[in-house]
Amino acid sequence: MITPILLAGGSGTRLWPLSRRSYPKQFTPMIGEETLFQASARRLSGTGFADPVVLTNAEFRFIVTEQLSAIGQDPGAVLLEPAGRNTAPAILAAALWLAQRDPEALMLVSPSDHVISDAQAFWAAIESGIPAARAGKLVTFGVTPDRAETGYGYLELVEEAGARPGPIPLRRFVEKPDAPSAQRMCDSGHHLWNAGIFLFSAKAILATFERFAPQLMAPVADAVAAARPDLGFLRLDPEAWAKAEEISIDYAVMEKSPDLVVVPFAGGWSDLGDWEAVRRSLPGARDGVALSGPATAIDCRDSLLRSEDEGLEIVGIGLEGIIAIAMPDAVLVADRSRSQDVKQAVSALKARNAGQATTFPRDHRPWGWFESLVTGDRFQVKRIVVNPGEALSLQSHHHRAEHWIVVQGTAKVTVDERVSLVSENQSIYIPLGAVHRMENPGKVPLTLIEVQTGAYLGEDDIIRYEDVYARA
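Residues numbered from 1 in each chain as written. Predicted model: local features only at pLDDT ≥ 70, side-chain atom pairs only at ≥ 80, totals over all residues. Heavy atoms only, no water.

Under an unreviewed UniProt entry, the protein chain has the name mannose-1-phosphate guanylyltransferase and belongs to Thioclava pacifica DSM 10166. UniProt's Sequence similarities (unreviewed entry) comment on the protein chain is quoted here verbatim: "Belongs to the mannose-6-phosphate isomerase type 2 family." Under the Catalytic activity (unreviewed entry) heading, UniProt states for the protein chain: "alpha-D-mannose 1-phosphate + GTP + H(+) = GDP-alpha-D-mannose + diphosphate". (UniProt positions renumbered as here; feature names shortened; annotations may be inferred.)

Quick look at the overall build of the protein chain
Assigned secondary structure in the protein chain consists of eleven helices and 30 strands. A compact globule built from 472 residues should have a C-alpha radius of gyration of about 23 Å, and the protein chain, at 24 Å, falls within 12% of that. Out of the 472 residues belonging to the protein chain, those deemed buried represent 52%. Here the protein chain displays about 20,900 Å² of accessible surface, and carbon together with sulfur accounts for 50% of that area. Averaged over its 45 positive side-chain charges, the protein chain has a centre that lies 2 Å from the centre of its 59 negative ones. (Helix = DSSP H or I, 4+ residues; strand = E, 2+ residues; numbered from the N terminus. Rg over C-alpha atoms; globule rule 2.2 N^0.38 Å. Buried < 20%, exposed > 50% of the residue type's maximum accessible area, 1.4 Å probe, protein only. Areas by Shrake-Rupley, 256 points an atom, 1.4 Å probe, with all protein chains shown as cover. Lys, Arg positive; Asp, Glu negative; His and termini not counted. Charge placed at Lys NZ, Arg CZ, Asp CG, Glu CD.)

Focus on the packing of aromatic side chains
Aromatic ring pairs: the centre-centre distance and the angle between the two ring planes describe each pair. For the coordinates displayed, the defined rule picks out twelve aromatic pairs. Relative to Phe265, the ring of Phe122 has its centre 5.6 Å away and its plane inclined at 65 degrees; by these criteria the two rings are edge-to-face. Of this pair, Phe122 sits in helix α4 (residues 119-134) while Phe265 is found in strand β12 (residues 260-265), placing the two residues 143 residues apart along the sequence. The pair formed by Phe122 and Phe265 is uniform in burial state, with each residue classed as buried. Members of the aromatic cluster, each reached through a chain of ring pairs, are Tyr23, Phe27, Phe37, Phe60 and Phe360. Between the NZ or CZ atom of Arg362 and the centre of the ring of Trp369, over which it lies, the distance is 3.6 Å. (Phe/Tyr/Trp six-rings, centres within 6.5 Å; stacked < 30°, edge-to-face > 60°. Lys NZ or Arg CZ within 6 Å of the ring centre and 35° of its normal.)

Quick look at the packing of helix α3 (residues 87-99) against helix α7 (residues 214-225)
Close contact between α3 and α7 brings their axes to 9 Å; oriented N to C, the two are set at 55 degrees. When the axes of α3 and α7 are compared, the pair comes out oblique. As for how α3 packs across α7, the hand of that crossing is right-handed. Between α3, through Ala88, Pro89, Leu92, Ala93, Leu96 and Trp97, and α7, the contact on the second element is made entirely by Leu216, Met217, Val220, Ala221 and Val224. Residue composition of the contact of α3 with α7, by class: eleven nonpolar, no polar and no charged. (Axes fitted to C-alpha atoms, helices over the stretch in contact; angles between N-to-C directions. Parallel < 35°, antiparallel > 145°, perpendicular 65-115°, else oblique. Left-handed = near helix turned anticlockwise from the far one by under 90°. Contact = heavy atoms within 4.5 Å. Nonpolar A, V, L, I, M, F, W, Y, C, P; charged D, E, K, R; others polar.)

So, the sheet that holds strand β20 (residues 362-365)
Judged by pairing direction, the sheet is antiparallel, and its six strands sit side by side in the order β20-β21-β22-β29-β24-β27 without closing on themselves. In this open sheet, the two edge strands, each paired with only one partner strand, are β20 and β27 (427-430). Looking at each pair of strands side by side, their axes are set apart by 20 degrees on average, direction ignored. As defined by bridge partners, strand β22 (residues 379-386) adjoins strand β29 (residues 446-454) across eight bridges and the pair is classed as antiparallel. Of the residues in β29, the one forming a bridge with Lys382 is Glu450. (Pairing = 2+ DSSP bridges.)

Topic: the UniProt feature "domain: MannoseP isomerase/GMP-like beta-helix" (unreviewed entry) in the protein chain
According to UniProt, the positions carrying the feature "domain: MannoseP isomerase/GMP-like beta-helix" (unreviewed entry) are residues 297-349. Between the C-alpha atoms that bound residues 297-349 there is a distance of 29 Å. The span itself is 15% helix and 38% strand.

Concerning the packing of α3 against helix α6 (residues 202-212)
Between α3 and α6, whose axes approach to 9 Å, the crossing angle comes to 130 degrees. What the angle tells us is that α3 and α6 run oblique. The way α3 lies across α6 gives a crossing that is left-handed. Counted together, Ala88, Leu92, Ala95, Leu96 and Ala99 of α3 and Ala202, Ile205, Leu206 and Phe209 of α6 form the full contact between these two elements. Looking at side-chain class alone, the contact of α3 with α6 contains nine nonpolar, no polar and no charged residues.

Notes on the domain arrangement of the protein chain
Here the domain parsing of the protein chain yields domain 1 (2-270), domain 2 (275-339) and domain 3 (362-466). When each unit is reduced to the centre of its C-alpha atoms, the spacing between domain 1 and domain 3 is 40 Å. (Domains from an automatic or database assignment.)

Details of the UniProt feature "domain: Mannose-6-phosphate isomerase type II C-terminal" (unreviewed entry) in the protein chain
The feature "domain: Mannose-6-phosphate isomerase type II C-terminal" (unreviewed entry), as annotated in UniProt, sits at residues 359-467 in this numbering. In residues 359-467, helix accounts for 0% and strand for 59%; the two terminal C-alpha atoms are 23 Å from one another.

Topic: unusual backbone geometry
Here the residue pair Trp16 and Pro17 is connected by a cis peptide bond, since its omega of 10 degrees sits within 30 degrees of zero. Phi angles above zero are rare outside glycine, and Asp302 is one such case at about 50 degrees. With respect to the element layout, Asp302 can be found in the loop between β15 (295-298) and β16 (304-307). For Asn425, which is not a glycine, the phi torsion comes out positive at approximately 70 degrees. Turning to its location among the elements, Asn425 is positioned in the loop between β26 (418-422) and β27.

Laid out in structure tokens, this is it:
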């Protein structure tokens, strides 16, 4: 059995405004109906695979379990990183956790925000790498390039890819190249894109860390040993974790190890690292124009038009080489050759303290989600959706009163000592300072409109008395 290790803690900015720190791209349906995380978990499931081990941070823990549950999967474990320390500490923590159960276990490490269109070809590549992994080799998967891409790192092989079946020894890693170098490597037959996907035994990767990155062993081992179970999650110890160096798996050990081999793979891979990559990956493009959501293109070429709001139409006329992304609270328009520079826009927005830089319009919580519809002086209107069987914390507010109008489902509402059932088209008033809770006792999502009034309407004006999700 192979244990998938899904890395799901990233917060990429190159796909802003759809991907933000509060809800990054792996949890969004970038291509198709499923999210990238769900597609990754489904791809690494079934015969030959154990339940996945997920590495993520505390903010995303309920999103991870909710999205796995939606596709009928249970995680083997969800390890919560106290802070992002890049891929080396995360992979080491997973290896230590797995080695406690079976040191010989094979682990397939994969980012959860990539697209692989040919799952069968990917499974075949994994199969070809298993014997080498069982023999103690570190197996990585390199993608056969179909263009001179400057946004990816490369793997240089000791012999031409395809010269023989199975893994090929690696000569060296190559950083993201300039355009002429990328073209030479694309034409050489000795270079593959670095997909950042690895297969090895827990025992082999731990020995590699001990040899080439011993400084990581103690803090990460301590973080795993002192990890605290929390509602089915495993919180790595923050004090020990903070002592671990922030470094990628490539820099920490892979570039130094003589035991690395590469399995070539040509099954339609993309890391969706920018909007241009999304444009190329979306099906059904005509004249190079990819459309998503309520979008219309008239006499356009080589462009991407995408709307993330059913009530917001985006129309392009005579565009060429343009990326246009419309969200309810932000719009991006860029030359597609500048897709890699979208992170500069995020930095500029952060400098202005604009909430759109990091915060998604729809705020996901363990119980469901909410979004702000209208905000004015001393009032705010929200739409709130509570999943079946879920409940908000027992709480009160210092600065605001609330009025709840149920538009779908039935709410069980506690206000001080009184408990009421509030059905569709009914409402209830929550006075300032009242201790209250909302629950969804039904089998369908509960949707309500909340009207807040008061001097301060920030989300931090919450005093929690009880919380089934163990939030502070």
